[in-house]
Amino acid sequence: MSKGGCSVLTVDCVVLRLLRMPLVTPFVTSAQETAVRPFILVEVQAEGLSGFGECVAMADPYYTEETVETAWHILKTFAAPALVGRRLERPEETAAVLGRIRGNRMAKAALEAAVWDWFGKRRGISLRAMLGGGRERVPVGVSLGLYPRLDDLLRDVERHLAEGYRRIKVKIKPGWDTAVLAAIRRSFGDIPLSADANMAYPPSDAEAVKRLDEFGLLYIEEPLATENLREYARLQAQLETAICLDETVRCLADAEQALELGAGRVINVKAGRVGGLAEVLRIHALAQKAGVPLWCGGMLEAGVGRAMNLAVAALPGFVYPGDLSASSRYYDRDIVTPPAVLNADGTVDVPAGPGIGVEVDREAVERFTVRMERIISR
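Residues numbered from 1 in each chain as written. Predicted model: local features only at pLDDT ≥ 70, side-chain atom pairs only at ≥ 80, totals over all residues. Heavy atoms only, no water.

A.B. asks: In this structure, what is going on with the layout of surface pockets? I would like to understand it.
C.D. replies: Where empty space is left can be seen by rolling a probe of water-molecule size over the atoms. By volume, the largest pocket amounts to about 440 Å³. As for the largest pocket, its lining consists of 24 residues, and the residues nearest its centre are Thr25, Tyr147, Asp156, Arg159 and Arg329. Among the residues forming the lining of the largest pocket, the class breakdown is 13 nonpolar, four polar and seven charged. (1 Å grid on protein atoms, 1.4 Å probe; cavity = no way out; pocket = protein on both sides within 12 Å on 5 of 7 lines; lining within 4 Å. Points joined across faces, edges and corners; volume = space filled by probe spheres on them. Nonpolar A, V, L, I, M, F, W, Y, C, P; charged D, E, K, R; others polar.)

Structure (structure tokens):
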């Protein structure tokens, strides 16, 4: 439930920008390799104020069915026109306005995030406060992709531990799993460690996943190459290690079914994947009631999306360190000021300013923009 004084939003204009930002180093998972991150920056304009949201859809449909281009189409043709000229008294109303659009959660979440940011700026309160988060700093971990050489991975694990990150997560796939985790344990001992398969193991290869029990992981994230939660429940019943659900939880109903079936014991919550912040709050309430720990995952966000994620991670149900690394780990130049910075204690400050709490660097945005569209009332 959002908090703060009364304000009403009637959207004058929605601006869509397609940006392409090169990563410091390519990020490789079992599903894809990303060297340049394309994403849509959504700007909602009204009363001389702008609210911003970031669409986390990838260039290709290998993580989810949405892509940057499908999201652009949905935002330009359906979502933004549905919102322009519409009167909103609360940011939570955005989901109902966009409700006629089936699926396309990442596109809708970006527009909804811009509305939340606008309301926060209009009311002079932070997104963290609007959502109900209590922490001024949140613990963060680092997510490491697939590497061509194990020695290179071990070098980066050592470096990130020295920087202060509170959890190491490594991407795995068949053939790049047990030897990798064993080497990390030999080299670094009982550090907080997790593994993310990005749905790389067929259900018929459950034995390979069960072998990961020996490494004392915090959780194994999305091991199975299926969206069938019953398969996850069967595997979880055979594992000592908690399964963390990510791609298979796309909304509150998925989370409810997963918990009823016992398909996992941890949930990675991403606002873009579940359709927006209002849905995040519903999943958070369910998890709090069920006693299920949450954490906030990342999608190689730039500064707008990262600031929103930090506000989400400040909620009390987000227990494990999130994939919310310092901006400089991914981008030489971010599109907001100040960028996210890792503190010496392995935390990142949650922006405290109005809305998402950071200022958009218009010069940087222009530098990385390759396409722009304005949607106004007709």
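A.B. asks: Hey, could you run me through empty space enclosed by the protein in this one?
C.D. replies: Applying the stated criterion to the full structure yields three cavities of 30 Å³ or more. In this structure, the largest cavity spans a volume of roughly 230 Å³. Lining the largest cavity are 21 residues, and of these Phe27, Thr29, Lys171, Gly298 and Met299 sit closest to its centre. Its residues assigned to classes, the lining of the largest cavity comprises six nonpolar, six polar and nine charged. Of all elements in the fold, only strand E4 (49–55), helix H3 (105–123), helix H10 (271–274) and helix H12 (303–313) reach the threshold of two or more residues within the lining of the second largest cavity. (Helix = DSSP H or I, 4+ residues; strand = E, 2+ residues; numbered from the N terminus.)

A.B. asks: In this structure, what is going on with the pairing of strand E8 (residues 168–171)? I would like to understand it.
C.D. replies: Consecutive residues of a regular strand have side chains that alternate between opposite faces of the sheet. Covered by surrounding structure in E8 are Ile168 and Val170 together with Lys169 and Lys171, the residues of both alternating faces. When E8 meets strand E9 (residues 193–196), the two strands line up parallel, connected through four bridges. Each residue of the ladder has a partner; that of Lys169, found in E9, is Ser194. In this fold, the crossover linking E8 to E9 by way of helix H6 (residues 178–188) has right-handed handedness. (Buried < 20%, exposed > 50% of the residue type's maximum accessible area, 1.4 Å probe, protein only. Pairing = 2+ DSSP bridges. Right-handed = clockwise from strand over helix to strand, strands pointing away.)

A.B. asks: Can you walk me through the side chain of Thr241 in this structure?
C.D. replies: Inspection of the secondary structure puts Thr241 in the loop between helix H8 (229–238) and strand E11 (243–245). A distance of 2.6 Å separates polar atoms of two side chains, one belonging to Thr241 and the other to Asp213. Among residues more than four places away in sequence, those in contact with Thr241 are Leu212, Asp213, Leu217, Tyr219, Ile220, Gln236 and Arg265. (Polar contact = N/O pair within 3.5 Å; in protein donor to acceptor, adjacent residues only side chain to side chain. Contact = heavy atoms within 4.5 Å.)

A.B. asks: For this particular structure, what's the right way to read the packing of aromatic side chains?
C.D. replies: The relation between two aromatic rings is expressed through the spacing of the ring centres and the mutual angle of the planes. Enumeration according to the criterion identifies four aromatic pairs in this entry. With centroids separated by 5.5 Å and ring planes inclined at 20°, the aromatic side chains of Tyr219 and Trp295 adopt a geometry described as stacked. Remark: Trp295 occurs in strand E13 (residues 294–296) and Tyr219 occurs in the loop between helix H7 (206–210) and strand E10 (220–221); sequence separation between them is 76 residues. By the burial criterion, Tyr219 is buried, and Trp295 matches it. For the pair Tyr330 and Tyr331, a centre-to-centre distance of 6.5 Å together with 50° between the ring planes defines the contact as tilted. (Phe/Tyr/Trp six-rings, centres within 6.5 Å; stacked < 30°, edge-to-face > 60°.)

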